[in-house]
Amino acid sequence: MEQAAPFARPERGFIPQGPFHLLQPLLDRMVELHRGFAVEQSLKLQVLFCDLLELLQADLGRRPGSRSAALARETVSYLQRSWNEPFRSEELEEALHFQFDHITRCLKKYTGMTPLQYVQHLRISQAMVLLEQTSLTVQEVAEQVGIPSASFFGRLFRDRTGISPGQYRQRRQSHL
């Protein structure tokens, strides 16, 4: 019997096996805050999101997993700690003591992304936060998230979101 992928994205049918009685009220409160979203509530929503991540992470820790799942978790952890540094496959290999191809296969199995794609996902996610919450220029945002070229950042952002960083900022500010 195949075990559920611990890092599967929601569109792949990720259903946590853990304490639903804790997740449902938390998710309901998050949806309620999001529907009546105001700037004053953004911190509350972020705290609830952190609580959700903590519950999901605790649930993952309770599951027995395969070696490839463990390597994928280690990879995610490493990349989350170092996403804003230049990406170097050699450093990843050295930190995790596995060949880059093997790390890539394991991570892709559980996230659907290669290590570089995962880092880019983290960078774009952080860029979205910076574009919403700061008045930094697009170049400054790019540098803050570890992408020194504003033109590459713009292309990457557009590829991932469908709109330019400037358009994203304008749309988010018009919703506030």
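Residue numbers restart at each chain and count upward from 1, following the sequence in its written direction. This being a predicted model, a pLDDT of at least 70 is required before a residue's local features are given, and a value of 80 or more before pairs of side-chain atoms are given or counted; all residues contribute to the totals for chains, interfaces and linings. Calculated side-chain values reflect all of the structure's heavy atoms, with hydrogen atoms and water omitted.

## Section: the overall build of the protein chain
So, point 1. Numbering goes from the N terminus for both helices and strands, where a helix is a DSSP run of H or I of at least four residues and a strand is a run of E of at least two. Helix and strand counts for the protein chain stand at nine helices and zero strands.
So, point 2. From first element to last, N terminus to C terminus, the protein chain shows the α and β order α-α-α-α-α-α-α-α-α.
So, point 3. Relative accessibility thresholds used throughout: buried, under 20% of the residue-type maximum; exposed, over 50%; partly exposed, between the two (1.4 Å probe, protein chains only). In the protein chain, which comprises 176 residues, the share counted as buried stands at 35%.
So, point 4. Contacts: residue pairs with any heavy atoms within 4.5 Å of one another. Considering only intrachain contacts with a sequence separation of at least 6, the fraction spanning at least 24 residues in the protein chain is 61%.
So, point 5. In this description, accessible areas are obtained by the Shrake-Rupley approach with a 1.4 Å probe, and a residue is regarded as covered only by the protein chains that are shown. Of the roughly 11,200 Å² of accessible surface on the protein chain, 54% is carried by carbon and sulfur atoms.

## Remarks on the environment of glutamate 85
So, point 1. Tracing the backbone shows glutamate 85 in the loop between α3 (67–82) and α4 (89–96).
So, point 2. Note on glutamate 85: relative accessible area 39%, which makes it partly exposed.
So, point 3. Separated by 60 residues in the primary sequence, glutamate 85 and valine 145 place their C-alpha atoms 8.4 Å from one another.

## Side note on the packing of helix α5 (residues 100–111) against helix α6 (residues 115–133)
So, point 1. Where α5 meets α6, the closest approach of the two axes is 9 Å, and the angle between their N-to-C directions is 60 degrees. As summarised for this structure, α5 and α6 are arranged oblique, according to the angle between their axes. Across from Phe100, Ile103, Thr104, Leu107 and Lys108 in α5, the residues of α6 making contact are Pro115, Gln117 and Tyr118. A fitted line through C-alpha atoms serves as each axis, taken over the contacting stretch for helices, and the angle formed by two N-to-C directions is quoted from 0 to 180°. Small angles under 35 degrees read as roughly parallel and large ones over 145 as roughly antiparallel, with 65 to 115 read as roughly perpendicular and the rest as oblique.

## Regarding the environment of glycine 146
So, point 1. Within the fold, glycine 146 resides in the loop between α7 (138–144) and α8 (150–161).
So, point 2. Separated by 61 residues in sequence, glycine 146 and glutamate 85 place their C-alpha atoms 5.9 Å apart.
So, point 3. Glycine 146 has contacts with Asn84 and Arg123, leaving out every residue within four places of it along the chain.

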